[in-house]
Amino acid sequence: MSKKSSPSEPTRVGSIAMEDYLEQISELIELKGYARVIDIAERLTISQASVTNMVKKLGAEGLVNYERYRGMTLTQRGEEVATYIRQRHELLTRFLELFGIDDTTIYDDVEGMEHHISGPTLRVFDALVAELEKSPEMVKRVKKKLKGDHN
Ligand code: MN
């Protein structure tokens, strides 16, 4: 996935939890080549039984192929949705990173914000981030304001 690619919105998936699972599954597959229930459970600090239930649900939605002892892969649609979710996460992260917010706060905020932002609003952020990244002077002025230094 290219770092600067713009997210294009797929059909929305069911729930916030589903989005979080798809995000983790996709990252695990990229990182390790596979996604195991135990790893997903660890990353989301949730029980393995809950993960198994959700993975079955994602399977029923046609997003994940799941075979009990062989692990899981994303279907093509699962892949598309996961890519959107990850690009959206990355874009919101890039936006907040411009202003020197610490990584933990950025991560926590993005994990919350990402589920509530519509396609049109995300496109605004996309354009805005691109412009801000080309305008360090503007970013500097904003950061100065954040410090309470209005001179
Ligand atoms: Mn995320």
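Residues numbered from 1 in each chain as written. Predicted model: local features only at pLDDT ≥ 70, side-chain atom pairs only at ≥ 80, totals over all residues. Heavy atoms only, no water.

A short note on a nonpolar patch on the surface
Part 1 of the argument: A contiguous nonpolar patch, built from Met138, Val142 and Leu146 and spanning about 260 Å² of accessible area, is present on the exposed surface.
Part 2 of the argument: Considering the arrangement of structural elements, one finds Leu146 in helix 7 (residues 136-146).
Part 3 of the argument: Classification of Leu146 by relative accessible area gives exposed; the value is 59%. (Patch = residues over 30% accessible without salt bridge, like charges linked within 9 Å, V, L, I, M, F, W, Y side chains within 5 Å. Areas by Shrake-Rupley, 256 points an atom, 1.4 Å probe, with all protein chains shown as cover. Salt bridge = Lys/Arg side-chain N within 4 Å of Asp/Glu carboxyl O. Helix = DSSP H or I, 4+ residues; strand = E, 2+ residues; numbered from the N terminus. Buried < 20%, exposed > 50% of the residue type's maximum accessible area, 1.4 Å probe, protein only.)

Overview of the coordination of the manganese ion
The textbook angles at a metal center are 109.5 degrees for a tetrahedron of four donors and 90 or 180 degrees for an octahedron of six.
Part 1 of the argument: The manganese ion binds to the protein through Glu23 (OE), Glu23 (OE), His89 (ND1), Glu111 (OE), Glu114 (OE) and Glu114 (OE); the donor distances cover 2.0 to 2.6 Å.
Part 2 of the argument: Coordination at the manganese ion comes from 6 donor atoms whose angles at the metal span 53 to 146 degrees, giving a geometry best classed as irregular.
Part 3 of the argument: If you list the donors of the manganese ion from N- to C-terminus, the spacing comes out as E-x65-H-x21-E-x2-E. Highlighted residues: Glu23 in helix 1 (residues 16-32) and His89 in helix 4 (residues 76-97), separated in sequence by 66 residues.
Part 4 of the argument: Residue Glu23 is classed as buried on the basis of its relative accessible area, which comes to 1%. (Donors = N, O, S within 2.8 Å, 3.2 Å for Na, K, Ca; no water. Tetrahedral: all angles 85-135°; square planar, octahedral: opposite > 155°, others 65-115°.)

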